[in-house]
Amino acid sequence: MCWNAAFICSAVKSLTVLFQSDVEICLIGDSCKNPIERFWNGNTMVYILQKAVSLFLLASYFFPYFISRQLISLFTMVQNPNMTHLKLSEVVVLPPLWIRCDGSDPEHTCWLGAEPLKAGNKITGINLYMVTCDADKTCFANLEELKMQHKIMHHSSVVTTKGFAQYELIRAAALEDTIVESESNICVDITWNTVDKILETPPLISAATLNIALEPGDPRSPVYQLYRELQFLLALAECLKTEVTKWPEPLEPESAVELVQEFLADLKRKLDGYCVSGNRDGKEKIKCDTEAVDSSIKSIFNERGDLDFAEQLWCKMKCVSSYQELIACFTLILKSLERGEIQPWIHHGSSSLLSKLIQQSYHGKMEAVSLTGITPIQMLLEIGLDKMKKDYVNFFIGQELATLTYLDYFISTSVDLQEQVHRVQKLHHMLEIMVSCTVLLLFKHENLFPLTQICMKYYRENPLDERHVFQLPISSALVKKFYQDSHPEVWKVDISSGHGPKEVKTTWQVSTNSPVKHMTSNNTGKECLLSDSTVNAIPEDRMYFITLVKCSQVHFR
């Protein structure tokens, strides 16, 4: 949401504060991507100020440093209740203001910020921030020098330090035949008190948070075949919604009609009393297609041995590649039921049309079903939904990660088919997360259980978001072996003094990606932020971005 800067002036009933016509202010709230979140974690609502540039002009969106200083001064003056000559009847506390700078000054300033301080409803002062960013390969700060600079600047004798490090544990790289890199990533954020040196490894007693962003669909995933099965289900749901049939690539090389014919013939032979070859103990073990489960995770995603007739049909018919083939399959099935050639069993509680017809066949009378329009598609979608719901329930209950009561929301039939498909997608996303954490991070039940509860709580309240970052508090010792020999993606130290509203902080940060997006190409500048580096553990072929955030306070008396 963007407003002209004059709106702020009217909001505080200022009489005459003249802004340039090319100033644009954006109000960033909770639902927006915050451009300063990488180095500032204050208010959730802020003003972002930049140039309002026409899309047809090749011009910068960022202000020179001296203009930014002027704008910050104007903001500070408007928030100062002592500016009586402005004749303000009431000063309204505004959200913090952050101004994009072009980095053309010697310090490469990229942001200037101002945050009103208040006691109750009264504004008592302003926190002023200056953010500089530069790219460097070799030279890093000395912690003692940083602490001394902070003490001199803020006239403090005692400072405290707090460390933060982010390590990338797992990242899914782009596939060889694609140009799109996956957004999947598992990283850990670690925080600790009392930092002794720049880039120190976090102690094992540190607090840690696992951040999991996992997009399904990676062919290297152990449950990729199940993902493909889900995609076929989604294609059927889309056909049902749009009445436009777009058949995906078949999941199996065989013809669906031939598979169904063989399946029905086998059931008929068993009904007629013939022995099935290879069935030594008189009991045939019903298997789902083993391709759907990678051998490396069979111990956690067990094959179900209780597939009913409709579910086994889904396993045969998921390779249907045309509408005509779909009709041919169901024609064979309905004729076999009508003639009494088969008497299949189905799970109790199944509500699909095919299940109802099977139940009717037990009594020798079936209602007529016209295999035209979207009816065959809906019939196949229903049995696929039933089968996949039971697959996911089997996993979560089998691994003791959830109860049937807690899963009821995800498998409920009280909503329409499209919503049921949507909830099955949520189940699959959660399955992929659990399997990845089990296989890649070697998580046990004590870690998977709370993660499952976090995921399920989120998905009971929110729509599907395959890019959502799920966060799990853990012990840093749990993942130490994954990061102890790695370089952090982000490492920073906060140096603080003062307490409460008088607390001031200096932040030094080094990262592999620029925390300031509009400065990513501005890598010319200083040889080193601070001299006498004691760090030599960074590989020379990597570029690192050094960010320094300084804070100062102005108190209104």
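Residues numbered from 1 in each chain as written. Predicted model: local features only at pLDDT ≥ 70, side-chain atom pairs only at ≥ 80, totals over all residues. Heavy atoms only, no water.

A. Highlighting the overall build of the chain. When helices and strands are counted, the chain shows 13 helices and 13 strands. Taken across its 557 residues, the chain has 49% of its residues classed as buried. The long-range share in the chain, meaning contacts at least 24 apart out of those at least 6 apart in sequence, stands at 70%. Accessible surface for the chain amounts to roughly 28200 Å². Of this, 51% is attributable to carbon and sulfur atoms. (Helix = DSSP H or I, 4+ residues; strand = E, 2+ residues; numbered from the N terminus. Buried < 20%, exposed > 50% of the residue type's maximum accessible area, 1.4 Å probe, protein only. Contact = heavy atoms within 4.5 Å. Areas by Shrake-Rupley, 256 points an atom, 1.4 Å probe, with all protein chains shown as cover.)

B. Here's a closer look at the environment of phenylalanine 39. In this fold, phenylalanine 39 is placed in the loop between strand E2 (23-28) and strand E3 (46-51). Of the residues examined, phenylalanine 39 reaches a relative accessible area of 7% and is grouped as buried. As a C-alpha pair, phenylalanine 39 and valine 549 span 510 residues in sequence and 7.6 Å in three-dimensional space. Those residues in contact with phenylalanine 39, other than ones at most four positions away along the chain, are Trp98, Trp111, Val131, Pro515, Val516 and Val549.

C. The side chain of aspartate 308, seen in detail. Turning to its location among the elements, aspartate 308 is positioned in the loop between helix H5 (256-271) and helix H6 (309-317). Buried charged residue aspartate 308 carries no salt bridge. Nearest counter-charge: lysine 390, at 5.6 Å. Of the polar contacts made by the side chain of aspartate 308, one reaches the backbone nitrogen of histidine 347; its length is 2.9 Å. (Lys, Arg positive; Asp, Glu negative; His and termini not counted. Salt bridge = Lys/Arg side-chain N within 4 Å of Asp/Glu carboxyl O. Polar contact = N/O pair within 3.5 Å; in protein donor to acceptor, adjacent residues only side chain to side chain.)

D. Structural view of the packing of H5 against H6. Contact geometry of H5 with H6 gives a least axis separation of 8 Å together with a crossing angle of 150 degrees. Taken together, H5 and H6 sit at an angle that is classed as roughly antiparallel. Only Phe309, Gln312, Leu313, Lys316 and Met317 of H6 make contact with H5, whose side of the interface consists of Ala256, Leu259, Val260, Phe263, Leu264 and Leu267. Residues that form the contact of H5 with H6 fall into these classes: nine nonpolar, one polar and one charged. (Axes fitted to C-alpha atoms, helices over the stretch in contact; angles between N-to-C directions. Parallel < 35°, antiparallel > 145°, perpendicular 65-115°, else oblique. Nonpolar A, V, L, I, M, F, W, Y, C, P; charged D, E, K, R; others polar.)

E. Spotlight on the packing of aromatic side chains. Applying the stated criterion across every chain yields a total of 13 aromatic pairs. The interplanar angle of 20 degrees and the centroid separation of 5.6 Å between the aromatic rings of phenylalanine 263 and phenylalanine 309 together place this pair among those described as stacked. Within this pair, whereas phenylalanine 263 is found in helix H5, its partner phenylalanine 309 is found in helix H6, the two being separated by 46 residues in sequence. No difference in accessibility class separates phenylalanine 263 from phenylalanine 309, as the two residues are buried. Here a set of aromatic residues connected by ring pairs shows up, and it is made of Trp98, Trp111 and Tyr129. Above the ring of tyrosine 406, the side-chain terminus of arginine 460 is found at 5.1 Å from the ring centroid. Here the guanidinium or amino end of lysine 492 rests over the ring plane of phenylalanine 164, the centre of that ring lying 5.4 Å away. (Phe/Tyr/Trp six-rings, centres within 6.5 Å; stacked < 30°, edge-to-face > 60°. Lys NZ or Arg CZ within 6 Å of the ring centre and 35° of its normal.)

F. Quick peek at the environment of asparagine 127. If you trace the backbone, asparagine 127 turns up in strand E6 (residues 122-136). For the pair formed by asparagine 127 and proline 116, sequence separation is eleven residues and the distance between their alpha carbons is 6.3 Å. Polar contacts involving the side chain of asparagine 127 include one to the side chain of glutamine 553, which spans 3.1 Å.

G. H6, seen in detail. Of all the nine residues making up H6, eight are buried; the element is thus mostly covered by neighbouring parts of the structure. Within H6, the full set of buried residues consists of Phe309, Ala310, Glu311, Gln312, Leu313, Trp314, Cys315 and Met317. Contacts from the buried residues of H6 go to helix H4 (224-242), H5, helix H7 (323-338), helix H8 (353-361) and helix H9 (375-398).

H. View of the pairing of strand E11 (residues 490-497). Burial runs high along E11: eight of the eight residues are buried. Every second residue of E11 is oriented toward a common face, with Val490, Lys492, Asp494 and Ser496 on one face and Trp491, Val493, Ile495 and Ser497 on the other, all of them buried. As paired elements, strand E7 (residues 160-171) and E11 share seven bridges and run antiparallel to each other. Counted as the bridge partner of alanine 165 is tryptophan 491 from E11. Pairing of E11 with strand E12 (residues 504-511), which is carried by eight bridges, proceeds in the antiparallel orientation. From the neighbouring strand, valine 493 faces E12, where its bridge partner is tryptophan 508. Between the end of E11 and the start of E12, which pair antiparallel, lie six residues, with glycine 498 showing a positive phi angle near 80 degrees. (Pairing = 2+ DSSP bridges.)

I. The arrangement of H4 in detail. Across its 19 residues, H4 extends 27 Å between first and last C-alpha, which sits within 8% of the 27 Å expected from 1.5 Å per residue. Buried within H4 we find Leu226, Tyr227, Glu229, Leu230, Phe232, Leu233, Leu234, Ala235, Leu236, Ala237, Cys239 and Leu240. Among the structural elements, H6, H9 and helix H11 (417-440) are those in contact with the buried residues of H4. Looking one or two residues past H4, glutamate 243 carries a phi angle of roughly 60 degrees, positive in sign. (Expected span 1.5 Å × (residues − 1).)

J. Focus on the pattern of salt bridges. A complete count under the given rule lists eleven salt bridges for this structure. Notably, a salt bridge pairs glutamate 238 with lysine 241, separated by 3.6 Å at the nearest N-O pair. Remark: lysine 241 and glutamate 238 occur in helix H4; sequence separation between them is three residues, near one turn of the helix. Given a relative accessible area of 38%, glutamate 238 falls into the partly exposed group. Between arginine 269 and aspartate 266 there is a salt bridge, and its shortest N-O distance comes to 3.5 Å. Of this pair, arginine 269 and aspartate 266 both sit in helix H5, three residues apart, roughly one helical turn. The class of arginine 269 is partly exposed, set by a relative accessible area of 41%. Of the residues examined, aspartate 266 reaches a relative accessible area of 15% and is grouped as buried.

K. Representation of the confidence of the model for the chain within the structure. Residues with a pLDDT of 70 or more make up 79% of the chain, whose mean pLDDT is 81. No element of the chain has a lower mean pLDDT than strand E1 (residues 2-4), which averages 39, and none a higher one than helix H12 (residues 445-461), which averages 97. The model gives residues 173-180 a pLDDT under 50, and that stretch makes seven contacts with residues more than four places away or in other chains. Here residues 521-537 is a poorly scored stretch, pLDDT under 50, and it has 42 contacts once near neighbours within four places are set aside; other chains count. (pLDDT = per-residue confidence, 0-100.)

L. Looking closely at the side chain of glutamine 420. Residue position: glutamine 420 is located in helix H11. A polar contact is formed between the side chain of glutamine 420 and the side chain of lysine 389, at a distance of 2.6 Å. If near-sequence neighbours (up to four positions away) are discounted, glutamine 420 is found in contact with Leu385, Lys389, Ser412, Thr413 and Val415.

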